[in-house]
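Structural characterization, general
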Amino acid sequence: MSKVDVILGLQWGDEGKGKVVDVLTPRYQAVARFQGGPNAGHTLEFNGEKYILRSIPSGIFQGGKTNIIGNGVVLDPILFREEATALERSGHNLKDRLQISKKAHLILPTHRMLDAAQEAAKGSARIGTTGKGIGPTYTDKVSRTGMRVGEILSDTFRETYERVKARHEATLRSLNYSYDIAALEKEWFEAVEFLKEFRLIDSEYEINRLLDRGQAVLAEGAQGTLLDIDFGSYPFVTSSNTVCAGACTGLGVAPRRIGEVFGIFKAYCTRVGSGPFPTELFDETGTRLRDIGHEYGAVTGRERRCGWLDLVALKYAVMIDGVTQLIMMKSDVMNDFDTIKVATAYEIDGHRTDRFPYDVEAPITPVYEEFRGWKCDLRKCTRYEDFPAEFKTYVEFIEQQTGVPVRIISVGPDRDETIVR
Ligand code: GDP
Ligand code: IMO
Ligand code: MG
């Protein structure tokens, strides 16, 4: 019996999941997304080309693999069609390689409007969502009033749509939100027809069947552990379970069928949108991380906030996710830094703690450990042995603090700029 290996972000998203899923896919028969939706932007680079995936799994570029959009995902037919047609135009045939769960939930045009209206109503307390309707769609799912992908095949689809839309419109009116969705709605129904051309399946059966036949499956997370609805910095989080357990509910696999858990983190930290970020840098170092690391949203282009690596938060994520192997990204961004800092504890109201606090609004002063920079180009290294001593000290400190080995080190955006130990 094979197992499902899970790959997920340990920080606030954008750790580099897309790149690593693509690198690991040759080891697997299938890759499956288990939560989130087009709020994700997963970047892959190879052969001088760059691709950004939103809802389609990042295994799609490695030939002969099955790619599955699982039941835990929320899918916007319009954005899905855009993404799929762009891939098909660049020569990647999806129809025989991509399957979609009938139980995934549909993002309606009015979900996007509700996202915008609710953010506007929050004023300065807004979350800074991606505006893709993620929160309202998951809200409908949990309220048992949502629409699932399988419903597009039903005779009563239009009727149900009108009923859900009417309810959304009542809310939009109560929020005094003015909008016009006629064009968007037309596009949405055309995109629903496009969606019908794909294999809509009971993906839990497909995944368990693959495992029973001894085939390996990789579950691809979106966002990151610190954006998890239960364990993230609530309410500044997304609306799904981004943690490892989300792979069980988002794909229909039992906990005992989970194998390796690959936890991805950047050698520093970034966050996009509002919410606490204890090690955030507001100085020139923060600007350098943003500029050198090109820290701008893959899809929205929004500036990402940047700061030092936070081991309090990383250890918390490793615990919640049961990480068995760490994957460290973007160390090359700090090639020219004289010193590098890592937070190992927090001071809150004069007390020192190594726990991620319940009250995320509490004034936190990070306690830092300082490291000498390696001051050389890591992109020139092709084996772990080639890395300078200062860099190895940094890696080994993280391993010692988390108790988990760093098995893969990425030193550039390209598929080939990856060192496996
Ligand atoms: P994801 O959402 O976790 O897939 O990550 P994003 O694609 O949103 O953001 C990661 C960004 O970092 C992308 O632009 C990648 O091309 C880039 N990237 C990934 N790994 C590395 C690396 O090791 N070094 C550098 N310099 N860039 C990287
Ligand atoms: P990937 O998969 C980084 C953030 C948003 C906002 C909060 C809630 O590319 O790592 P939402 O639209 O989900 O309701 O927004 O979550 N967010 C992400 N930040 N990477 C992502 O995805 C994100 N998806 C959502 O910026 O703060
Ligand atoms: Mg991203």
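This structure is a prediction, so every number in the text was calculated from the model and none was measured. Starting afresh in each chain, residues are numbered from 1 along the sequence in its written order. For this description, chains carry letters from A and ligands carry numbers from 1, given in the order in which they are written. In view of the model being predicted, local features appear only for residues whose pLDDT reaches at least 70, and side-chain atom pairs are presented and counted only at 80 or more, with totals across whole chains, interfaces and linings using the full set of residues. As a convention, hydrogens and water are excluded, and side-chain values are obtained from all of the structure's heavy atoms.

**Looking at the overall build of the protein chain**
Our working rule: Secondary structure elements are defined from DSSP: runs of H or I of at least 4 residues count as helices, runs of E of at least 2 residues count as strands, and each element is numbered from the N terminus. To get the radius of gyration, use the C-alpha atoms; to get the globule rule, take the number of residues to the power 0.38 and multiply by 2.2 Å. For every residue, the accessible area (1.4 Å probe, protein chains only) is compared with the maximum for its type, and the residue is labelled buried under 20%, exposed over 50%, or partly exposed between those bounds. Any two residues having at least one pair of non-hydrogen atoms within 4.5 Å are treated as being in contact. Calculation of accessible area relied on Shrake-Rupley with a 1.4 Å probe; when residues are assessed, cover is drawn exclusively from the protein chains displayed. Positive charges are assigned to Lys and Arg, negative charges to Asp and Glu, while His and the chain termini are left out of the count. A charged residue contributes its charge at one atom only: NZ of Lys, CZ of Arg, CG of Asp or CD of Glu.
A tally of helices and strands in the protein chain yields eleven helices and 20 strands. Whereas a compact globule of 421 residues would reach a radius of gyration of roughly 22 Å, the protein chain reaches 21 Å, a difference of no more than 12%. Per-residue burial over the protein chain gives 59% buried out of 421 residues. Counting contacts in the protein chain only where the partners sit at least 6 residues apart, residues at least 24 apart contribute 76% of the total. Roughly 17,200 Å² of accessible area belongs to the protein chain as shown, and the carbon and sulfur atoms make up 48% of that amount. Both charge centroids of the protein chain, one from 54 positive and one from 60 negative side chains, sit 3 Å from each other.

**A few points about the coordination of the magnesium ion (ligand 3)**
Going by this rule: Metal donors: N, O and S atoms at distances within 2.8 Å, or within 3.2 Å for Na, K and Ca, with water omitted from the atom set so that some sites may seem incomplete.
The coordination sphere of the magnesium ion (ligand 3) contains the protein donors Asp14 (OD) and Gly41 (O), at a distance range of 2.1 to 2.2 Å. Linking Asp14 in the loop between strand 1 (4–9) and helix 1 (17–24) with Gly41 in the loop between strand 2 (30–33) and strand 3 (42–46), this pair joins segments that are 27 residues apart in sequence. Residue class for Gly41 comes out buried when judged on its relative accessible area of 14%.

**Focus: the site of ligand 2**
Filter applied, for reference: Residue proximity to a molecule or strand is established when one non-hydrogen atom of the residue lies within 4 Å of it. What qualifies as a polar contact is a pair of N or O atoms within 3.5 Å, subject to a donor-acceptor requirement within protein and to the restriction that residues adjacent in sequence count only when both atoms come from side chains.
Around ligand 2, the structure places 21 residues, and the nearest of them are Asp14, Lys17, His42, Thr130 and Thr238. Gly41 is positioned with one of its backbone polar atoms (N or O) 2.9 Å from an oxygen atom of ligand 2. Here an oxygen atom of ligand 2 and a side-chain polar atom of His42 are 2.7 Å apart. Here ligand 2 has 550 Å² of accessible area as a free molecule, and 98% of this is covered by the chains.

**A few points about the UniProt feature "binding site: substrate" (unreviewed entry) in the protein chain**
Keep this limit in mind: UniProt positions are given in the numbering used here, feature names are shortened, and annotations may be inferred rather than shown by experiment.
UniProt marks Ala298, Val299, Thr300, Gly301, Arg302, Glu303 and Arg304 with the feature "binding site: substrate" (unreviewed entry), using the numbering shown here. As for its placement among the helices and strands, Arg302 is situated in the loop between helix 9 (284–292) and strand 13 (305–307). On the basis of relative accessible area, Arg302 is assigned to the partly exposed category, the value being 26%. For Glu303, the location among the structural elements is in the loop between helix 9 and strand 13. Excluding residues that lie within four positions of it along the chain, Glu303 makes contacts with Val272, Arg290, Glu295 and Tyr296.

**Topic: the site of ligand 1**
The following threshold applies: When residues are grouped by polarity, Ala, Val, Leu, Ile, Met, Phe, Trp, Tyr, Cys and Pro land in nonpolar, Asp, Glu, Lys and Arg in charged, and all others, Gly among them, in polar.
Near ligand 1 you find 20 residues, and of these Gly16, Lys17, Thr43, Asp332 and Ser410 are the closest. In the environment of ligand 1, an oxygen atom lies 2.5 Å from a nitrogen or oxygen atom belonging to the side chain of Thr43. A distance of 2.8 Å separates a nitrogen atom of ligand 1 from a polar side-chain atom of Asp332. Those elements giving two or more residues to the shell around ligand 1 turn out to be helix 1 and strand 3. Class assignment of the residues belonging to the shell around ligand 1 gives a composition of five nonpolar, seven polar and eight charged.

**What to know about the pairing of strand 5 (residues 66–69)**
In regular strands, side chains alternate between the two faces of the sheet. Applied cut-off: Strands are labelled as partners when DSSP assigns at least two bridges between them.
Residues of strand 5 alternate between two faces, with Thr66 and Ile68 on one and Asn67 and Ile69 on the opposite face, all of them buried. Note: strand 2 against strand 5, four bridges, orientation parallel. Bridge pairing in strand 5 places Ala30 opposite Thr66. Relative to strand 7 (residues 98–101), strand 5 runs parallel, the two sharing three bridges. From the neighbouring strand, Asn67 faces strand 7, where its bridge partner is Leu98.

**Some remarks on the UniProt feature "active site" (unreviewed entry) in the protein chain**
Mapped onto this structure's residue numbering, the UniProt feature "active site" (unreviewed entry) falls at Asp14, His42 and Lys141. Sequence-wise these annotated residues cover 128 residues; spatially they are dispersed, their C-alpha atoms as much as 25.5 Å apart. Overall, Asp14 belongs to the partly exposed group, its relative accessible area being 23%. Setting aside residues up to four positions removed in sequence, Asp14 forms contacts with Gly41, Lys266, Val272 and Arg304. Here Lys141 is to be found in helix 4 (residues 134–142). A relative accessible area of 30% means that Lys141 is categorised as partly exposed.

**Some details on the sheet that holds strand 10 (residues 217–220)**
Through backbone hydrogen bonds, the strands of a sheet pair up, either in parallel or in antiparallel fashion. The following threshold applies: In this analysis, axes come from line fits to C-alpha atoms, helices being fitted only over the stretch in contact, and the angle between any two N-to-C directions falls in the range 0 to 180 degrees.
If you trace the ten strands from one edge of the open sheet to the other, you get 9-7-5-2-10-1-11-15-19-20, paired in mixed fashion. Each having just a single partner strand, strand 9 (199–201) and strand 20 (418–420) make up the two edges of the open sheet. Strand-to-strand twist across the sheet, computed as the mean angle between neighbouring axes with direction ignored, equals 20°. Pairing between strand 1 and strand 11 (residues 258–266): five bridges, direction parallel. Opposite Leu8, over in strand 11, you have Gly263 as the bridge partner. The strands that helix 11 (residues 389–402) touches are strand 11, strand 15 (325–329) and strand 19 (406–410); relative to strand 15, the one it contacts most, it runs at about 145°.

**Comments concerning the packing of aromatic side chains**
Put simply, the rule reads: In summary, the pairing rule links any two rings of Phe, Tyr or Trp, Trp by its six-membered ring, whose centres are within 6.5 Å, and it sorts them by plane angle into stacked for under 30 degrees, edge-to-face for over 60 and tilted for everything else.
Enumeration according to the criterion identifies 21 aromatic pairs in this entry. On the numbers, 6.3 Å between centres and 85° between planes, the contact of Trp308 with Phe337 is edge-to-face. Remark: Phe337 occurs in the loop between strand 15 and strand 16 (339–348) and Trp308 occurs in the loop between strand 13 and strand 14 (309–310); sequence separation between them is 29 residues. Here Trp308 and Phe337 have matching classes, each one buried. Taking 5.7 Å as the distance between ring centres and 80° as the angle between the ring planes, the aromatic pair formed by Tyr384 and Phe387 counts as edge-to-face. Overall, Tyr384 belongs to the buried group, its relative accessible area being 10%. The exposure class assigned to Phe387 is buried, which follows from its relative accessible area of 3%. Through successive ring pairs, a cluster of aromatic residues spans Phe371, Trp374, Tyr384, Phe387, Phe391, Tyr394 and Phe397.

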